[in-house]
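The chain contents come next:
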Amino acid sequence: MAYLAIVLRRVVQAIGLLAAVAILNFTLIHLAPGDIVSTIVGEMGGASEETIAELRRAYGVDRSYLEQLGIYLARVAGGDLGTSIYYNKPVFLLILDRVPATVLLLLAALTLALVAGTALGVLAARYPRGWFAAAVNLVSLFGFSAPVFWSGLMLLLLFASAIPILPPGGFYDVVAGAQGLAKALDIAHHLVLPATTLALIFLALYSRLARASMIEVLGSDYVRTARAKGLPERTVIFKHALRNALLPVVTVAGLQFSAMLAGAVLVETVFTWPGLGQLAFESILRRDNQLILGILLLSAVLVTFGNLITDVLYRIVDPRIKTDG
Amino acid sequence: MAEAGRSPWQEAWAVFRRNRAALIGLAILGVIGLVLAVGPLLYRVDPFDIVGAPMTPPGDPDVLLGTDYLGRDILAGLVRGGRPTVLVGICAAMITTVIGITIGSLSGYYGRGTDRMLGRVVEFFQVLPALLFAMVLITLFEPSLLTVTLAIGVVAWTGMARLTRAEFLRIRQLDFVRSARAIGASNARIILATILPNALPPIIVSATLATGTAILFEAGLSFLGLTDPNVMSWGLMIGSSRNYLREAWWAVTFPGLCIFLTVLGISLVGDGLNDAFNPKLRQR
Amino acid sequence: MTRLLEVQDLQVEFDTWDGRVRVIESLSFALAAGETLCIVGESGCGKSMTALAIMGLVPQPTGHITAGSVRLAGEDLVRASPARMQAVRGNEISMIFQEPMTSLNPVYPVGEQIAEAVRLHKGLDRDAARSRAVEMLRAVHIPEPERRVDEYPHQFSGGMRQRVMIAIALACEPKILIADEPTTALDVTVQAQIFELLVELRETRGTAIVFITHDVGAVAEMADRVIVMYAGRKVEEGGVEDILERPAHPYTRGLLACRPTLVLGDPGARSELAEIPGVVPPLHQLGAGCAFAPRCAQALQRCGVAAPPETRLADGHAAACWLLAPSEGAAA
């Protein structure tokens, strides 16, 4: 019961935050020089005073800032994110169309980074003096320091050009026109490079964190207790140490959704992956404000949702959190 | 072994000096700094000028590192393109540090309502998708080095704020802070003169690493073309040449390598500082 | 007297920044079934490391047992295989630690932490192991054991956690329990309860106890026999009366004098509280002579030159001090 209340409170907080995000974005776009009408007029190659006035009335930009904001918020609350002037389609549908690709990319990268990062970190903590720990350290330094778009391009050069075993970009092979399982495999094939590229940054972070926290946990009193019980080393590591060592990794992973989304924008651009990031980049260049606003808001929703999931996960891993709020 | 009569800073430097990785990082940064400082004076080719045949491979005596798809000198781009990247990175990191310290220290020192309110602000900026938001900011207000710097500074400070807050929460309850309060020091004095100096080590480490992050951020924005198109930068070079990756790999590889090495140097130095400030960790 | 555990010429060394340091030097002692042996000394004297060496838990990779043997019913544990040591730990020899607050794993219910040892060593199934856990919690006087078995360590107080640790340690009915300063981190009243519990469990189960402490009061409470350690070496060994009434080594006498005692017949007055001047020397700076010599008021010239041999004073009472050595030993 108390648990449900906590989740409910989090949801209410999240909605408040999202409203704030919506207001800020709207205000910024409102403050920026040039509005939707001047864009349209620009594309039309000029228009008469009356046409401009009519357009301003039609798009509601003749009203005061507060009125416009009120209308915008009311619309958003009702699920209407407006219409893209470039695509002339509802923003919501355009975004919905791109969400699966981005979520697929994020989930694949996150899973890869978490599993591989934790495994590398734990092994490096277990054998801190060997070549393996040094190699993990090198990989993590590379992941930290290489710009993600560049490592993506380098992987492309390597695995799509020099040793052409992976497709250079896109979501699936349109020409082949595979269906069902074949299509899923095709998508997976296309997913390998972008997901690996994106995972590389976070793999670096998680392996480091996992190593540091594993080293700490392995020196803890309760691991000594577990050993004193005569548990096999396997049980000591995987049952007693790992779960505790994962706590900081989970916490930090929860804070990384925003950074992951940022990485996704760049990775999608490199690999022409038809996700939200690519759409955002294009609509920023086209000054498609309604679409930008929609994407920003939806990204914030994704990040918030990710944080909520982390919160729940954390409570599962660490029983100490359950009792207090 | 700790020797008597040395300040914690000297102690930290003594540890840092023995850290091979950190010294390598420092050397990398030294070389890059030197090249960026005097390189443009010695190698006077304009990176926007077309100096040879398009896509000349590296090794040509006239254009040592080859040319891009337009025939522009890659080496000239490398020598000149580092300045904006590094400069924007440093300035943006300074902005994030100042904002982060301000918010974090107020939050950690005053606690209660202040902490809750500022906590919301931090949460807000965490939810905001940083890169997308910076992209929007930059396109709305003319892409220039200034807007890029400000945009990065404004979106990237939450980590620093959280760190500073945690440090303040920890130090606030130590005895010397209590005694400062007991002798009637003002809040401002306690924050700036009593707590902050003791919170500096992790803040310095974090600010160092933040510079690396800001450089990567700048490179990403430039790669997307969201920067001043009249200023050559490493990210911009990669962005403009990426469609010719197969034909002219060098035009993409070398600028990326420069970014990588710069950030690598910063990361190594940051790690070295971290170890130097936390000698306890070494003994493990 | 049958010897359950026999430690002979044990030597433990550590790799440090200042080179290899010997933390235990030629330590020998024996433990009989059902007996309580107290190991006393200041922190850093090697008493905890002795316990870890018996358990085969000397910290890796810096620590090494470089000489000697630890025989459990004749079997040398120092040379036993890792698998054999796992079967011994928690089953034949158990250990409880100084810090009950951090010695339990925060993410598992206490019942599971008791039950897993029973499942492992006794091959019980989940239900049986769980009932065993409840039974053990009851044995260490945790109220409402059926309910508390599913609670997490953070829901227990320090004293209760130490009771849980004792329950874990005794769940497999070991022959030996090693208690490494089990009450140091606890309030005085809780300390007394833990002593009481250990004494009770010793009586009912016949477990031999190695009780490690720096508290002479605890020695009087628990011990049958006592070993006094200083800087990694045994300086005196004897029955509890020998040590408390007739301490022979200057260090033992100093240790006893540090204890606040009530003067009989005058409840208001306390005896003068003495202290031993100086500190334990860093182990890597130990010279050839007696490690205690620099702090010893009665030190002779030869104390700084050669380590004193162990001198037998009475049946089961011995000390390593030149002052006690027979004169022909002095000439050697």
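The notes below deal with the structure included here. (Residues numbered from 1 in each chain as written. Chains lettered and ligands numbered in written order. Predicted model: local features only at pLDDT ≥ 70, side-chain atom pairs only at ≥ 80, totals over all residues. Heavy atoms only, no water.)

## Focus on helix α9 (residues 187-223) of chain B
Residues and elements named next belong to chain B.
- The first and last C-alpha atoms of α9 sit only 45 Å apart over 37 residues, clearly below the 54 Å expected at 1.5 Å per residue.
- Helix geometry: α9 is bent most strongly at L196, by close to 55 degrees, with proline P197 lying one to four residues after it.
- One or two steps after α9, the chain reaches G225, where phi turns positive at roughly 85 degrees. (Helix = DSSP H or I, 4+ residues; strand = E, 2+ residues; numbered from the N terminus. Expected span 1.5 Å × (residues − 1). Bend = angle between axes of the 7 residues up to and from the residue.)

## Points about the interface of chain B and chain A
- Residue-level contacts link 41 residues of chain B with 50 residues of chain A.
- Of the roughly 4100 Å² buried between chain B and chain A on both sides combined, carbon and sulfur atoms contribute 77%.
- Counting every contact that joins chain B to chain A gives 1 salt bridge.
- Between R208 of chain A and D271 of chain B there is a salt bridge, with the nearest N and O atoms lying 2.6 Å from each other.
- On the surface where chain B and chain A come into contact, there are 6 residue pairs in polar contact (both at pLDDT 80 or more).
- If one sorts the elements of the side of chain B that touches chain A by residue count, helix α11 (residues 249-277) of chain B sits on top with 12 residues.
- Partitioned by chemical class, the residues of the side of chain B that touches chain A number 28 nonpolar, 6 polar and 7 charged. (Contact = heavy atoms within 4.5 Å. Buried area = accessible area lost by both parts, 1.4 Å probe. Salt bridge = Lys/Arg side-chain N within 4 Å of Asp/Glu carboxyl O. Polar contact = N/O pair within 3.5 Å; in protein donor to acceptor, adjacent residues only side chain to side chain. Nonpolar A, V, L, I, M, F, W, Y, C, P; charged D, E, K, R; others polar.)

## Considering the pairing of strand β12 (residues 317-320) of chain C
Residues and elements named next belong to chain C.
- Across the two faces of β12 the burial is the same, with H317 and A319 and A318 and A320 all buried.
- In the sheet, strand β10 (residues 233-239) pairs with β12 via 2 bridges, with the strands oriented antiparallel. When the bridges of β12 are listed, E237 appears paired with A318.
- The pairing of strand β11 (residues 310-314) with β12 spans 4 bridges and is antiparallel. Residue pairing across strands places T311 opposite A319, the latter belonging to β12. (Buried < 20%, exposed > 50% of the residue type's maximum accessible area, 1.4 Å probe, protein only. Pairing = 2+ DSSP bridges.)

## Comments concerning the nonpolar core
- The biggest cluster of nonpolar side chains holds 129 residues, and the ones touching the most others in it are I95 and F149 of chain A together with M135 and L221 of chain B.
- Residues lining this core come from more than one domain, with at least three contributed by each of domain 1 (2-77) and domain 2 (97-317) of chain A.
- Each residue touching I95 of chain A, except ones within four places of it in the same chain, is listed here: L81, L276, L279, L291, G294, I295 and L298 of chain A.
- Formed by 98 residues, the second largest nonpolar core is a distinct cluster that contains L4, L31, A171 and L198 of chain C. (Core = buried A, V, L, I, M, F, W, Y, C linked by side-chain atoms within 4.5 Å. Domains from an automatic or database assignment.)

## Quick word on the packing of helix α5 (residues 91-126) of chain A against helix α12 (residues 276-285) of chain A
Residue and element names in this part refer to chain A.
- Taken N-terminus to C-terminus, the directions of α5 and α12 make an angle of 135 degrees; their axes are 7 Å apart at the nearest point. Classified by the angle their axes make, α5 and α12 are oblique. The residues of α12 that touch α5, namely those facing L94, I95, R98, V99 and T102, are L276, G277, Q278, L279 and E282.
- Taken together, the residues that form the contact of α5 with α12 break down as 5 nonpolar, 3 polar and 2 charged. (Axes fitted to C-alpha atoms, helices over the stretch in contact; angles between N-to-C directions. Parallel < 35°, antiparallel > 145°, perpendicular 65-115°, else oblique.)

## Structural notes on the sheet that holds strand β9 (residues 225-230) of chain C
All names here are of chain C.
- Pairing in this open sheet of 8 strands is mixed, and the strands run β6-β7-β8-β3-β9-β10-β12-β11 from one edge to the other. The two strands at the open ends of the sheet, each matched to only one other strand, are β6 (93-96) and β11. Here the strands of the sheet are splayed against their neighbours by 20 degrees on average, with no regard to which way each runs.
- Pairing geometry for strand β7 (residues 176-180) and strand β8 (residues 208-213), over 5 bridges, is parallel.

## Some remarks on the pattern of salt bridges
Residue and element names in this part refer to chain C.
- Applying the stated rule across the entire model yields 41 salt bridges over all chains.
- The partner of K234 in a salt bridge is E237, and the shortest N-O contact between them spans 2.7 Å.
- Taking relative accessible area as the criterion, E237 reaches 12% and is therefore assigned buried.
- Residues joined by salt bridges that share partners form a network here, namely E13, D15, R20, R22, E25 and R233.

Everything listed here is a matter of coordinates, which is why it stays silent on function.
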